[in-house]
Amino acid sequence: MAQSPRKFHSQHSILNTSLTLTPMIYINRTQRPRRLRESPLLRKMVRETRVTKDNLLYPMFVSESGSSTEISSMPGIFRYSLDDLKREVTKVAGLGIPAIMLFGIPNEKDEVGSGGYDTEGIIPRAIRALKAEIGDSVLIVPDVCLCEYTSHGHCGVISNGTVDNDETVPLLARAAVAYAEAGADMIAPSDMMDGRIGVIREELDAAGFPYTPIMAYSAKYSSGFYGPFREAAGSTPQFGDRKAYQMDPPNAREALKEMDLDLAEGADILMVKPGLAYLDILRAARERYDVPLAIYNVSGEYSMVKAAAQNGWIDEGRVVSETLTAFKRAGADIILTYHAVDAVREGWVE
Ligand code: PBG
């Protein structure tokens, strides 16, 4: 005797086992989420989050010394000489990645980080060279901080044994203006001094750059995930740590306070850093602010993925794509990631 599809189902589905135990609760034949997961095309149609290359910002290191060297803890990432940087950025532009961040590695460091705000320093020279080579095909976003340029490795100048906030801020503003004059498309201060966004905004305006945006590293935590970066930039503090100026990892409300202040001081884009361990902060910011948000997928996060992939313990492409998607799903518009070039080249993003 012919059976109705429904009857057939109830007799042969393995789900049926639970039906006999607790009928109405475990099986809902009206709603079956699996229906929309059956085919790749269907999954694609109902996909809620898409990372595209337009979301990516690729951080790069430029060295004043004449040669390029791979950073041993960050396979695939180099400190580029100026010539090699031009070649690499041309490739980045060719891949359609819209923006790069620049970190400078100077030949000489001093107590007050003068290489960071010297108009002939490595960053202004790199920006001018890139602009001459590639024009406006990639946005150039220099990181503004003194730690790569100070002999002691701190993000500001030292007086009485501590990083002096108010003496540091004008130097950061000088760096920002020097970079804007060289042609920077956006300024990204990462030092975590109080009040620096307001002063940088004022000085940029006064110098004739009222339309140069500021992407503020607003909620930047004092994190173990920066380890490989400090090897790359030679910026490990020679004494103490950064806990007196970068945020304490357990604090979430304080992150919102930092972001409120940066917005009030004129920030255009707010950043959370690091990424994966701070997705709750990004989500909270997304719910609270209507400005673009950025997240920094930092060096330690990159190195862990690379190391595991090189050991064959994870599938790099899947893990990178899942990670970048998590940032977007949590609310990021802009993702700073060392994976950017691989992700676009290998098709790990759309
Ligand atoms: C400079 C700066 C750091 C990073 C970005 N800008 C290092 C730090 O604060 O120690 C970290 C980037 C990364 O780990 O990828 N202040």
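Refer to the structure above for everything that follows.
Note that the structure is a prediction, hence the values are computed from the model and not measured.

Regarding the pairing of strand E12 (residues 334-337)
Side chains of E12 alternate between two faces, with Ile334 and Leu336 and Ile335 and Thr337 buried alike. Bridging between strand E1 (residues 56-63) and E12 involves 2 bridges; their strand directions are parallel. When the sheet's bridge partners are listed, Leu57 is paired in E12 with Leu336. Pairing analysis gives 4 bridges linking strand E11 (residues 293-297) to E12, with the strands arranged parallel. Within E12, the residue paired with Ala294 across the bridge is Ile334.

What about the pairing of strand E4 (residues 99-105)?
Burial runs high along E4: 7 of the 7 residues are buried. The alternating pattern of E4 places Ala99, Met101, Phe103 and Ile105 and Ile100, Leu102 and Gly104 on opposite faces, both of which are buried. Summarising the sheet, E1 and E4 pair through 7 bridges and their orientation is parallel. If you follow Pro59 over to E4, its bridge partner there is Met101. As paired elements, E4 and strand E5 (residues 139-144) share 4 bridges and run parallel to each other.

Here's the deal with unusual backbone geometry
In this model, Lys273 is joined to Pro274 through a cis peptide bond whose omega is -5°. Along the chain, Pro274 turns up in the loop between strand E10 (269-273) and helix H11 (279-288). Positive phi outside glycine occurs at Asn160, with the angle close to 50°. Following the sequence through the fold, Asn160 ends up in the loop between strand E6 (158-159) and strand E7 (162-163). Accessibility expressed as a relative area gives 81% for Asn160, which makes it exposed. Even without being a glycine, Met192 presents a positive backbone phi close to 70°. According to the relative accessible area criterion, Met192 is buried, its value standing at 3%.

Re the site of the ligand
Of all residues adjacent to the ligand, which total 17 residues, the nearest are Lys220, Arg230, Lys273, Ser299 and Tyr338. One nitrogen or oxygen atom from the side chain of Arg230 is found 2.7 Å from an oxygen atom belonging to the ligand. Between Arg242 and the ligand, the recorded distance is 3.0 Å, taken from a side-chain N or O atom to an oxygen atom. Protein coverage of the free-state accessible area of the ligand, which is 400 Å², stands at 100%. Of the pockets mapped on this structure, the ligand occupies the largest cavity. The residue inventory of the shell around the ligand, partitioned by class, reads 9 nonpolar, 3 polar and 5 charged.

Cut-offs used in this document
- Residues numbered from 1 in each chain as written.
- Predicted model: local features only at pLDDT ≥ 70, side-chain atom pairs only at ≥ 80, totals over all residues.
- Heavy atoms only, no water.
- Buried < 20%, exposed > 50% of the residue type's maximum accessible area, 1.4 Å probe, protein only.
- Helix = DSSP H or I, 4+ residues; strand = E, 2+ residues; numbered from the N terminus.
- Pairing = 2+ DSSP bridges.
- Near = heavy atom within 4 Å.
- Polar contact = N/O pair within 3.5 Å; in protein donor to acceptor, adjacent residues only side chain to side chain.
- Areas by Shrake-Rupley, 256 points an atom, 1.4 Å probe, with all protein chains shown as cover.
- 1 Å grid on protein atoms, 1.4 Å probe; cavity = no way out; pocket = protein on both sides within 12 Å on 5 of 7 lines; lining within 4 Å.
- Sits in = over half its atoms within 2 Å of the grid points.
- Nonpolar A, V, L, I, M, F, W, Y, C, P; charged D, E, K, R; others polar.

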